Amino acid sequence: MLIISDYDYLKSFYNKSLKRTLKKKLHKKIDLYPEDKKNLFNLNNHGYCILRNVFPKKIINNLNSKFQKEIKNLKNISIPRDLRNQKKDIEHIYLPKVDKKTFFTGERKFRNLTDSIKLKDPLVNLPELINFSLNKRILSLISNYFGCMPYLTFLKCVKTYKNKIKEHDTQYFHIDVNATKLLKVFIYLNDVNSKGDGPFYYVKNSFKNIQKKWGKRSRWEDDYLKNIYSSKNFIPILAKKGDVIIANTVAFHRGLKPKKKDRNIVIINYGMHVDFTFNNKFDITSNINKVDFKKQNSLNQSILSLLNKI
Ligand SMILES: [Fe+2]
């Protein structure tokens, strides 16, 4: 049976990993950019922050068009789930995949059968993502949050569809239970200007006391949470291409289903240890090419050291 990993076990694992990392000279936190003082405050006190204009729009456009090309090509895209027969039960997230024949007919066909698609091995297929994940401004902020330089544990590149399929999986409120302390970095590949554009939806301050909710349910109803946290704390996080959102996702959050246009995003996990999955077991980490790994300086190699080198 799959059981959500134990909070106390993960907490002690985190503490041991932190202690070990704090001793590494290479992993010292780096000076905070003066413009990010307020952002660090927000991350520490409210659970999230938005760094404006971290990447030039041209670079984001370029990345997005490469992702789009991969979608056209389909070779490096994971076959998505077929959600036409979704059950009412929001905790029910294991569904069959779209059949191969339909999938290889192309996006125009399968985009109406699923919620989203993912790029396989994003650090291998879009190696420029390595530089995104090692961006100095991001590393400075997150190293000040952890107290030392964390490790990259996972990265995904996702396109979420505007279609008639109802909400699914992480489009319902949930808590990330891969560690007791981790950060997720969200980089929108298109402007997200309104709730209809499918923003990341975060319950401000809900990270405080989250241990009480840990493992109780895997998906949570909005109405239930709105009785606990006042509705002013429910924040659709809007941002432009080039902005970076950083959040403590050991807190209530979900992705809003886009109503106006598809939404493309890169999500990067940072932490002190490999993410956990069910039953106190380690989750898979992202793959990276050995050659790309070896090109990096020793600090970057250490940040990437938990990844699987292929
Ligand atoms: Fe999540």
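One structure accompanies this document, and this report is about it. (Residues numbered from 1 in each chain as written. Predicted model: local features only at pLDDT ≥ 70, side-chain atom pairs only at ≥ 80, totals over all residues.)

### Side note on the sheet that holds strand E6 (residues 234-237)
Working step 1: Spatial ordering of the open sheet is given by E6-E5-E8, a layout of three strands whose pairing is antiparallel. Each end of this open sheet is capped by a strand with a single partner; those strands are E6 and strand E8 (253-255). Strand-to-strand twist of the sheet, defined as the mean angle between neighbouring strand axes without regard to direction, takes the value 20°.
Working step 2: In this sheet, E6 lies alongside strand E5 (residues 200-203) in antiparallel orientation, the contact comprising four bridges. Counted as the bridge partner of Tyr202 is Ile235 from E6. (Pairing = 2+ DSSP bridges. Helix = DSSP H or I, 4+ residues; strand = E, 2+ residues; numbered from the N terminus. Axes fitted to C-alpha atoms, helices over the stretch in contact; angles between N-to-C directions.)

### Things to note about the pairing of strand E9 (residues 263-271)
Working step 1: The element E9 is extensively covered by neighbouring structure, given that eight of its nine residues are classed as buried.
Working step 2: Two strands pair when backbone bridges link them, and strand E3 (residues 151-160) and E9 are joined in this way by nine bridges, in the antiparallel orientation. By the bridge assignment for E9, Phe154 is matched with Asn269.
Working step 3: Direction of pairing for strand E4 (residues 182-188) relative to E9: antiparallel, over a ladder of seven bridges. Bridge pairing in E9 links Phe186 to Ile267. (Buried ≥ 20, exposed ≤ 12 C-beta atoms within 10 Å, placed from the backbone.)

### Comments concerning unusual backbone geometry
With the exception of glycine, the majority of residues adopt a negative phi angle, and the majority of peptide bonds are in the trans configuration.
Working step 1: For Leu74, which is not glycine, the phi torsion reads 70° and is therefore positive.
Working step 2: With respect to the helices and strands, the residue Leu74 is situated in the loop between helix H3 (57-73) and helix H4 (100-105).
Working step 3: Look at Asn205: it is not a glycine, yet its phi comes out positive at around 70°.
Working step 4: Inspection of the secondary structure assignment puts Asn205 in the loop between E5 and helix H9 (222-228).

### Structural notes on the packing of helix H2 (residues 37-46) against helix H8 (residues 136-146)
Working step 1: Between H2 and H8, the shortest axis-to-axis distance is 10 Å and the interhelical angle comes to 45°. As summarised for this structure, H2 and H8 are arranged oblique, according to the angle between their axes. Crossing of H2 over H8 shows right-handed handedness. Facing Asn39, Leu40, Leu43 and Asn44 of H2, the residues of H8 in contact are Leu141, Asn144 and Tyr145.
Working step 2: Here the residues of the contact of H2 with H8 sort into four nonpolar, three polar and no charged. (Parallel < 35°, antiparallel > 145°, perpendicular 65-115°, else oblique. Left-handed = near helix turned anticlockwise from the far one by under 90°. Contact = placed C-beta atoms within 7 Å. Nonpolar A, V, L, I, M, F, W, Y, C, P; charged D, E, K, R; others polar.)

### So, the environment of Asn178
Working step 1: Structurally, Asn178 can be placed in the loop between E3 and E4.
Working step 2: Residues Asn178 and Ile4, 174 residues apart in the sequence, show an inter-C-alpha distance of 9.0 Å.
Working step 3: Sequence-distant contacts of Asn178, defined by excluding residues within four places in its chain, comprise Asp275, Phe276 and Asp283.

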